[in-house]
Amino acid sequence: QSSSSSGSSSSSSSSSSATHSVTLGIRLPLEPSSFPPERQALLLSAVDAAAPDITRLTILSSSPTPPLSRRQVTVGPRLDVRLSALFTTLESALAASSVHLTEASLNDQASPRGFPPLTIFEAPTIRALSGGEGGLLVPEAA
């Protein structure tokens, strides 16, 4: 009964120079049926506007939040959306994680696009991409 979808919508075409990815999870008070592809594109544009250094942005998954308790069932619908953003430098990934990809910044961009207040349920996590310049966070042993 829990519908889960994956997407590969992106906000720009080139990710060949990306060296780091940032993943995060946001929670929206929406039913899955209220999050069609057009609405997903609006969310991506809001995140892209909040963190201008993103080279590629993707929705990894979206699924209903399972209720943790009987009391939570009355809270209303919740949709968990996991995102992946690619960056060309560690510095831009760090800046996005600490400054741009915050609840306040994301809500500033999402609210004018018609979204209810969102929350972050999975803090931004930075990962080095293998094969790219600066792709290793620790130097290799000589």
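Residues numbered from 1 in each chain as written. Predicted model: local features only at pLDDT ≥ 70, side-chain atom pairs only at ≥ 80, totals over all residues. Heavy atoms only, no water.

Q: Would you mind showing me how to read the overall build of the chain here?
A: When helices and strands are tallied, the chain shows 4 helices and 4 strands. Taken from the N to the C terminus, the helices and strands of the chain come in the order β-α-β-α-β-α-α-β. Per-residue burial over the chain gives 35% buried out of 142 residues. Taking all contacts inside the chain whose residues are at least 6 apart in sequence as the whole, residues at least 24 apart take part in 79%. On the chain, roughly 7900 Å² of surface is accessible, and the fraction owed to carbon and sulfur atoms is 54%. (Helix = DSSP H or I, 4+ residues; strand = E, 2+ residues; numbered from the N terminus. Buried < 20%, exposed > 50% of the residue type's maximum accessible area, 1.4 Å probe, protein only. Contact = heavy atoms within 4.5 Å. Areas by Shrake-Rupley, 256 points an atom, 1.4 Å probe, with all protein chains shown as cover.)

Q: Is there a simple way to explain the sheet that holds strand E3 (residues 79–87) in this structure?
A: Picture the strands of a sheet paired through backbone hydrogen bonds; they go either parallel or antiparallel. Pairing is antiparallel in the open sheet, where 4 strands are placed in the order E2-E3-E1-E4. The strands lining the two open edges of the sheet, one partner per strand, are strand E2 (56–64) and strand E4 (119–128). Neighbouring strand axes in the sheet, compared pairwise and without regard to direction, differ in orientation by 15 degrees on average. In this structure, E2 lies alongside E3, joined through 8 bridges in antiparallel fashion. Within E3, the position partnered with Ser-62 by the bridge is Val-81. Those strands touched by helix H3 (residues 90–100) are strand E1 (20–28), E3 and E4, and its axis lies near 170 degrees from that of E4. (Pairing = 2+ DSSP bridges. Axes fitted to C-alpha atoms, helices over the stretch in contact; angles between N-to-C directions.)

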